[in-house]
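# An overview of the molecular structure
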Amino acid sequence: MAKTQTSSFSKAKPLPREFYDRDPRKVGRELLGKLLIRKAARGKLLVGRIVEVEAYLGKLDPASHSFKGPTARNEIMFGPPGFAYVYFIYGNHYCLNVSCQPPGIAGAVLFRAVQPLEGMEDMAIARHIKIARERDLRLLTSGPGRMAEAFGITRQRDNGKDFTSEKSDLIIAEPPESDYRLPRILATKRIGITKAADRRLRYVLAGNEFVSGPRKMSQ
DNA sequence: TACATGATGCCCT
DNA sequence: GGGCATCATGTAG
């Protein structure tokens, strides 16, 4: 592990708006392997490789928050693609999504887990946990609520943020070239929903340690 | 104004 | 594997 003075991720450029201007199923699959980057205070970075996402298909999808049409909470999903939709759930947790498809058409991809690559110390502080061994790293970002907490995501701070702006402190970028080869992608049922529960709209990187919940095809 | 619900995680068996 | 904390939001009244 070579320690570098400046992060190899500091020059990462956000993916363009067009990337998100498509069906959430396509966006979700293609987000796997990409980097979620939070530019924190004093030039510090939090970086994770996206390993698990779920697609939500707006008015075509009873499980989507936007199924019944726009409200104050979900309006971001009805706006332009590439913006953060953050919601609070179960009285405890925030979950991070990115809006997809053109204005007027709701759709989103939920980020469920990333593999931490940089800023693990700060993530551990944000999560209020200690990392004693390698396998504890899972506790940082495996699961949507954990991941959001590790990255300091809140609705107040991040809802409506533009993932595609160079000025944004929350972006998604292509990993540096040659650094990574994409594994196989598995499509499984989504987690924790009751409506449209049989649709395989959860996408995970096969065999990745940091995927939350089932890592194989369920039935 | 009241109430039911939930795209979760943690702790206890 | 199961129970539960805890509150923003939507919907009904």
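For the structure itself, consult the block above.
First, a word on what this report is: a plain description of the structure on this page. (Residues numbered from 1 in each chain as written. Chains lettered and ligands numbered in written order. Predicted model: local features only at pLDDT ≥ 70, side-chain atom pairs only at ≥ 80, totals over all residues. Heavy atoms only, no water.)

### As for the pairing of strand β4 (residues 93–99)
The buried fraction of β4 is high, at 6 of 7 residues. Pairing geometry for strand β3 (residues 84–89) and β4, over 6 bridges, is antiparallel. Each residue of the ladder has a partner; that of Ile-89, found in β4, is His-93. Of the strand pairs in this sheet, β4 and strand β5 (residues 108–118) are connected by 3 bridges, and their pairing is antiparallel. Following the sheet pairing, Asn-97 is matched in β5 by Leu-110. (Buried < 20%, exposed > 50% of the residue type's maximum accessible area, 1.4 Å probe, protein only. Helix = DSSP H or I, 4+ residues; strand = E, 2+ residues; numbered from the N terminus. Pairing = 2+ DSSP bridges.)

### Observations regarding the protein's contact with DNA strand C
The environment of DNA strand C is made up of Lys-68, Thr-71, Arg-73, Phe-88, Tyr-90, Gly-91, Asn-92 and Arg-155. Of all DNA strand C atoms lying within 4 Å of any protein atom, the proportion belonging to sugar or phosphate reaches 74%. Between a phosphate oxygen of DNA strand C and a main-chain N or O atom of Arg-73, the distance comes to 3.4 Å. Within the backbone of Tyr-90, an N or O atom sits 2.5 Å from a base oxygen of DNA strand C. Across the surface near DNA strand C, the residue classes break down as 2 nonpolar, 3 polar and 3 charged. (Near = heavy atom within 4 Å. Polar contact = N/O pair within 3.5 Å; in protein donor to acceptor, adjacent residues only side chain to side chain. Nonpolar A, V, L, I, M, F, W, Y, C, P; charged D, E, K, R; others polar.)

### Some remarks on the protein's contact with DNA strand B
Taken together, 18 residues form the shell around DNA strand B, and within it Tyr-87, His-93, Asn-97, Gly-145 and Arg-146 come nearest. Here a sugar or linking oxygen of DNA strand B and a side-chain polar atom of Tyr-56 are 3.3 Å apart. Residue Tyr-87 places a side-chain N or O atom 2.8 Å away from a base nitrogen belonging to DNA strand B. Elements with a contribution of two residues or more to the surface near DNA strand B: β3, β4, β5 and α6 (144–150).

### Some thoughts on the packing of aromatic side chains
Evaluated as defined, the whole model comprises 4 aromatic pairs. Measuring from centroid to centroid gives 5.1 Å for Phe-19 and Tyr-20, while their planes differ by 75°, and the two rings are edge-to-face. There is no split in this pair, since Phe-19 and Tyr-20 are both buried. Taken together, a centroid distance of 4.9 Å and an interplanar angle of 50° make the contact between Phe-88 and Tyr-94 tilted. Judged by relative accessible area, which is 18%, Tyr-94 ranks as buried. (Phe/Tyr/Trp six-rings, centres within 6.5 Å; stacked < 30°, edge-to-face > 60°.)

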